[in-house]
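Working through the structure, step by step
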Amino acid sequence: MSHLRVELRQRAEELVALYPRPRSAMLPLLHLAQEQDGYVSVEGIAEVAELTGTTPADVRGTAAFYDMLHLEPVGKYVVGICTNIACLLAGGLELLDHASSTLGCSVGSTSDNGLFTLEETECLADCNFAPCVQVNHRFVRTTTPETFDGLVGELREGRRDHDIPVHGTLLRVRRSGGLHASKSEIATEREEAKAARAKREGEKK
Amino acid sequence: MTDVKSGVTISVNGRSLEAAPGELVIEAAERAGHYVPRFCYHPRMEPVGMCRMCLVEVDGPRGATLQPACYIKVHDGMTVVTDSEKVKKAQDGVLEFLLANHPLDCPVCDKGGECPLQDQTLTHGSGETRFVEEKRHFVKPIEIGELVLLDRERCIQCARCTRFSAEVSGDTEIAFSGRGDQIEVAPSPTTPFDSTFSGNTVQICPVGALTAKPYRFSARPWDLEQVESTCTTCAVGCRVAVQSSGNRLTRVLGVDSEPVNHGWLCDKGRFTLDSIDGNEASLDPLSAASRLREPLVRMNGVLTPTTWGEALARAATILQDAAQVPGGVGAIGGAALTNEGAFAWERFVRGVLGSDNLDAQYGDGLDGALIQALPKATIDEAANARVVVTLTGDLREELPVLLLRLRENFIKRENALVEFAFASSGLHSLARVSMPVRPGEAHLVAEALTRSDGTVLKGSNVTESELNETRRLLGESGEGVVFIVGRPNFAEDAGVMERAIRVLAEKFTAAKFLPAHRRANVVGALDMGLGPKLRPGRGYAANDEGRTTLQQLEALRTGEQKAVLLLGCLLGNVLDVDGASAALEAGGVVVVSGHGGKTLAYADVVLPAAVQHERHGTVTNIEGRVTAVTAKIVAPGSAWSDVNIAAELAEQCGQSLGLFSDVECAKVIEETVGYPALSVLNDVSDEGAVVGRDRERVERRPLDPMAFPGIRSTNMAGLGEFSGAVAEEEASPSPSPIGATLSEISAGRGVEVPAFDAYALALNVSRHLYDHGVAVQGSPALANLVARTTAYLNHFDLDRLGLVTGDVVDVTGPTVTLSLPVALSDETPRGTLNVVFASIDENGDDTSRSLVDPSSAITQVRLKTK
Amino acid sequence: MATLEAPRIVTARTGYDDSFTLARFLATGGYEGLRKALTMFPEDVALEVDEASLLGRGGAGFPAGRKWSMLRKSPVSYLVVNGDESEPATFKDHLLLERDPHQIIEGIIISAYALQVSQVFFYVRGEFALGLERVQQAVNDAYEHGALGSKIFGSDFSLDIVVHPGAGAYICGDETALLESLEGKRGFPRIKPPFFPAVSGLYGEPTVVNNVETMSNIPWIVLNGGEAFAALGAGRSTGTRLFALAGRVKNPGVFEVEMVKNTFRDLIYDPKLGGGLLDGHTIKAFVPGGVSAPWFGPELLDTPLGQDEVGEKGSMLGSGSVIVFDETTCVVRAAWRITKFFARESCGECTPCREGSGWIERVMYRMEHGGGRVEDLELLLDLCDNIAPGLGWPPQQTTICPLGPSIPSSVTRAISMFRSEFISHVQKGGCPFD
Ligand SMILES: Cc1cc2nc3c(=O)[nH]c(=O)nc-3n(C[C@H](O)[C@H](O)[C@H](O)COP(=O)(O)O)c2cc1C
Ligand code: SF4
Ligand code: FES
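These lines cover the structure that appears in this document, whether it is placed above or below. (Residues numbered from 1 in each chain as written. Chains lettered and ligands numbered in written order. Predicted model: local features only at pLDDT ≥ 70, side-chain atom pairs only at ≥ 80, totals over all residues. Heavy atoms only, no water.)

1. Looking at the interface of chain B and chain A
Facing the 15 residues of chain B at the interface are 12 residues of chain A. When the area that chain B buries against chain A is broken down by residue, the three leading residues are T172, R179 and P189 of chain B, summing to 43%. Ionic pairing is found between D67 of chain A and R179 of chain B, a salt bridge with its closest N-O pair at 3.1 Å. On the surface where chain B and chain A come into contact, there are four residue pairs in polar contact (both at pLDDT 80 or more). Put simply, the parts of the chain that give the side of chain B that touches chain A at least two residues each are strand 8 (174-177) and strand 9 (184-187) of chain B. Per-element accounting of the side of chain B that touches chain A gives the leading share, four residues, to strand 8 of chain B. (Contact = heavy atoms within 4.5 Å. Buried area = accessible area lost by both parts, 1.4 Å probe. Salt bridge = Lys/Arg side-chain N within 4 Å of Asp/Glu carboxyl O. Polar contact = N/O pair within 3.5 Å; in protein donor to acceptor, adjacent residues only side chain to side chain. Helix = DSSP H or I, 4+ residues; strand = E, 2+ residues; numbered from the N terminus.)

2. Description of the side chain of R134 of chain C
Residues and elements named next belong to chain C. Position of R134 relative to the elements: it lies in helix 7 (residues 129-145). At 4.8 Å, E98 is the nearest oppositely charged side chain to R134, a buried residue that forms no salt bridge. Sequence-distant contacts of R134, defined by excluding residues within four places in its chain, comprise F20, L97, E98, R99 and P101. (Buried < 20%, exposed > 50% of the residue type's maximum accessible area, 1.4 Å probe, protein only. Lys, Arg positive; Asp, Glu negative; His and termini not counted.)

3. Things to note about the sheet that holds strand 26 (residues 588-593) of chain B
All names here are of chain B. The strand order across the open sheet formed by seven strands is 15-14-27-26-25-16-17, and the pairing between neighbours is mixed. In the strand order of this sheet, the two ends are held by strand 15 (302-305) and strand 17 (358-359), each with one partner. Across two bridges, the pairing between strand 14 (residues 296-299) and strand 27 (residues 605-608) is antiparallel. Residue L296 lies in a different strand from strand 27, and its bridge partner there is V606. Lying over the sheet, helix 18 (residues 549-558) contacts strand 16 (329-333), strand 17 and strand 25 (563-567), oriented at roughly 135° with respect to strand 16. (Pairing = 2+ DSSP bridges. Axes fitted to C-alpha atoms, helices over the stretch in contact; angles between N-to-C directions.)

4. Remarks on the packing of helix 15 (residues 375-387) of chain C against helix 16 (residues 403-417) of chain C
Residues and elements named next belong to chain C. Between helix 15 and helix 16, the shortest axis-to-axis distance is 9 Å and the interhelical angle comes to 150°. One way to sum up the angle between helix 15 and helix 16 is to call them roughly antiparallel. In the packing of helix 15 onto helix 16, the handedness of the crossing is left-handed. Every residue of helix 16 that contacts helix 15 at L377, L380, L381, C384 and I387 is listed here: G404, P405, I407, P408, V411, T412 and I415. Residue composition of the contact of helix 15 with helix 16, grouped by class: 10 nonpolar, two polar and no charged. (Parallel < 35°, antiparallel > 145°, perpendicular 65-115°, else oblique. Left-handed = near helix turned anticlockwise from the far one by under 90°. Nonpolar A, V, L, I, M, F, W, Y, C, P; charged D, E, K, R; others polar.)

5. Re the packing of aromatic side chains
Following the criterion strictly, the structure yields 30 aromatic pairs over all chains and no others. Aromatic pair F264 of chain C and F296 of chain C: ring centres 6.3 Å apart, planes at 85°, arrangement edge-to-face. Note that F264 of chain C is positioned in helix 11 (residues 264-269) and F296 of chain C in the loop between strand 9 (283-287) and helix 12 (307-312), a separation of 32 residues in sequence. A relative accessible area of 0% means that F264 of chain C is categorised as buried. According to the relative accessible area criterion, F296 of chain C is buried, its value standing at 0%. Ring pairing ties together the aromatic residues Y19 of chain A together with Y78, F121 and Y203 of chain C, which thus form one cluster. The ring of F65 of chain A carries R179 of chain B above its face, with NZ or CZ at 5.8 Å from the centroid. Above the face of the F796 of chain B ring, R830 of chain B is positioned so that its terminal group lies 3.8 Å from the ring centre. (Phe/Tyr/Trp six-rings, centres within 6.5 Å; stacked < 30°, edge-to-face > 60°. Lys NZ or Arg CZ within 6 Å of the ring centre and 35° of its normal.)

So this is what it looks like as structure tokens:
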């Protein structure tokens, strides 16, 4: 029986079909499993293993390589604050300290109410808005303690649900177009195109 | 071995040398005497170049650069420097980095004294640490599986274990987790590291990160003594280093034998040591966990310790009295003996008792003469064959290391596997064609394969396209094909498989066969004549009317046979336990065995015998390779070797076998029947001899202590101290006489299979590595791994019956109804119900075999949901 | 003064609020390059790119045309686009992904046509949630518009693009680690040889990997000709390039400037660009090309923004990220934080990087926090030498991938440029800037 909800399971199978080898769908599938459970659960691991033709140990080991995939439950909002070089020069460490007291949790842990997990991140590539802050991987550009606290207030009141979905939801846009031609069909098409070009070339001469 | 002729020329440290194209620099350099230090490199796995210990300077377009010698392949004109200052600095740097986070707990570490990291630190390291920071810490050892513990802080991330798991055993039950210096080896949270092969990771770990629970803290390497021998837990014949501390066995390690095991072992072979000594807690001779130490005779109904003289006299009387009647006596068993033991007992039974009733099998094998008559493949040939067809039980469970060798063939060489799929199969995912064959059907499928008319098998699950694809792969004559043939189902008459084998052998005359006999030295026992119509040296006697095991038991019940000599315990091995018990009850019973068991309840005399690792001799594996087994410890109490017991018993009967010791016996075997024995025992430097083939000397790789830490040296097989005494007139065996041809023997000519009952399921009784046998019962380490009796069904059948894994059902055979949990097994064909032989139910009872109907060619059971 | 006459090649559209939509894209000449390319022979398209001398914008600076031509011998199986941008203080691809995804896609389609590839995988850094959505939307729109899929714009060329999200690991920016990740594995860089994915790439088949910015240049090159592109810049460094300027400057941001014609001084001080340092501050040092690059002192401010020009001075343009330090910046702290980044992001595959990065980081941390010893300087240099033997430029390496030898860049330059600052950390028993 599938652990993924019917609709996610269907998306999972579509993802697997996109790649020449099922294993390639590993990261997209782990994101999906995380979208459902908020983290990569043991059941999610088992299902991804089944979908990719691998083993649970393999999936777990792979997931643990990547920072965005959480093997333990995390808060509804994962707040990431960058302290890498550009942000360091702009007060990233200080903002991180401030966030820790505002959110009521130390770096790397989750607040008691389960709402926030605070992370110290590496460079998030938004250095002109340093120190850079992300909530659930959405850039929020709150570079001062005041704007940060304002954002936290909004999050607590659920006023940012439109642009900051709960943790795990990464891609809200689904793939709608696509080409499902087989490799051999494409190869034939290429050959024909080449022949046609050669013919045109000959005519030109 | 690499062929260096037709090679390339490279320069190493200014000296030019020949190397084979594609050879790794590390190997070429080592052959020329330039040893390059290493950690992650392992000669039996793909290189990964991760640890960077083997950096050497290699010239390139932009001058010499540091490159990993374990990963770079030689090319013509290449210049390599392994001893420059730059190389030394790089290697020292790597070693220092490896030690940075490595704990300094060598004195309490299992690997201390035989640790590649410790050794290389002593030879290459600076001796001082500049690392003053706090080391990485993890919670102390975690149990990652039933047999393996992991100390994460000792791990140096060489990926040997994870590569083994993914590449060699293929089950990927452990993998790297995390990133950077937080990398650790981890199983999944749901499936522990219980691979059949987990012990290999302990053996190849270059530090003490992985340790084996049974061995942990049990000995220090410098206390250990070692001999090289052959594992006789199953019939693959893996080469092993057997180590003991004093007279206590401590460890078995796999030796890298080119034609056989490549250094690997299965966990059962590695961890059954405890059963050799027997469980000291158990003094009950009726327990398989007990070790027999002294002769016993039944007095006033009770087995009572006695002297050898008394016991031998009683045994001689029982057997000789019975032998007065024609066919009045016989012997059953012997598959656990050495060839020498088997040869001695054959002489005793045929020569002294004058009986042809001999059988090393228990009705659960295939006809010995039929197997001997087939053109044979070696393991290497199977592991390189263009097409391999399996008609066997699950090799992972029955002959585990053979499975590893075959995997290599399908993965690295992409050769084809065709499966007759009877039930679970460790090779299933690699099969090109997997034909779901129900009980009683194999011979029909085989016959269909021999016809090219596109025959479809009516009523079978096997499809036309599967048959056609298999026909295509087999070709006209079976050129390049190896059939692996065994007995996948004990609830099916042997005639079905024998018929299938005959049909295939007669049609595909260019194909070869590898018998999947699974019991220890059963091939050797049959080759020594322990079977009806068989004679020592693979001889065949067409007129021999000797009884098989099942016939002997029947004759005991009817009183035609008066007594039986049991070479090993019987009841654990037969399907019909009640019938066999009645037979033993009816006749005189002399048991020669190393271990106790329920069988002894019927014994009149018990003679304690030496078992593996306590005796010298030779054994023959599935491919017919004869190798030496070597005693490491002295048998407990007053147990004797079988040759001595047989010889003394003959004396009691007033005759002489002319055999005075195991070594003497080996000499006689070679001289009288031309079967390799003494020459193998005496040879300390090769891989034995394959019966019926010219002796081929396989150069063994020199022992690489970095790849196989813990092994002292190899090529310590053979007699060592004895060789001077007997070897002078070293017999050189001519290929032994090959007994019968296929046309002379009767096995496989026909079989009657009743029609399938549409309301029943056909029963398949398969094997599991960890069954409730002597080895496992005597080894506490393995006790938790014994298979639980379960009814395995295909998902079609589960769906049809509305069942899911875990539901409990009533399974009714001809005489009993068992209440069993069901589980999904899609490798089990539709309409088939699979249970495991000698598995245990929730009460610890071994009842699965009672479902079998011994009177029918197949057993059909009914299933009632609760 | 900066030379700012050059056309804006890749940021022409980014000023519009709706720059990421198909409508805006089409209204501003979008997919014209593709239409033109489809009338040309694939070889000729590749030739234009070769002529443009377009250096890869991902960091290694390998000419795109040459990379493509290595493949002409064996037909390419896959084009993989690298949108994993994670080099600290580099944020130019982020801009392109969010602000002009169609331009990247157009570049991809043209490149795929030139390479005659039918399958593209577009690997986008997972933390770019918005970027991922914009790219996926743009891909969807492109299919709808007929610019992707079967028989593009009625031609005989068909193409599929799969957008693949990363999941947070810097090392997956390295092309071989990226391919492993795309195969669903841990992002362990592949060991060389083979040196190029062109020989053995995705699933072992010939593959081209190119950066997002590299792709974004392609439509312009096709429309205006390789020659026009090569006319910009000088020497090997042609065209314009995106520079991400960060640190202690007034206007941090991404600027597109003509290569070589401008210098670091122009970039940092021109009022239309960086606008100079924050008021009242003076420059102490700067990182010329991402944290993997060795630092420069103010005396090198007049070095032109060109690949070889920077290389000759002992560093690299790398990912096009320039980070400015002023007199308030503690270099020990800066170098420690950069090392911490490498220690966190080391994949852990090979020993010198896995253990070396952590060790150096811990020594640097101790130094910054008051536990430094004089002998630590030699220790640091020697540990660095064990990762990048000789500490020269370009670096040698004992590691599998170039991340390893990037670790010493900051530490060794910080020590050689500011040795006294380290010593004062030791003497004071703490950071003099605190
Ligand atoms: C550690 C490391 C990180 C890298 N990160 C990136 C990256 O984030 N984006 C990128 O395009 N290239 C990155 N590269 C460079 C790529 O390996 C590769 O050279 C590039 O994607 C090729 O594209 P180009 O030729 O168009 O520049 C990185 C290389 C290394 C060694
Ligand atoms: S240098 Fe670092 S990142 Fe690169 S392979 Fe080695 S451990 Fe991984
Ligand atoms: S890198 Fe060659 S032995 Fe590890």
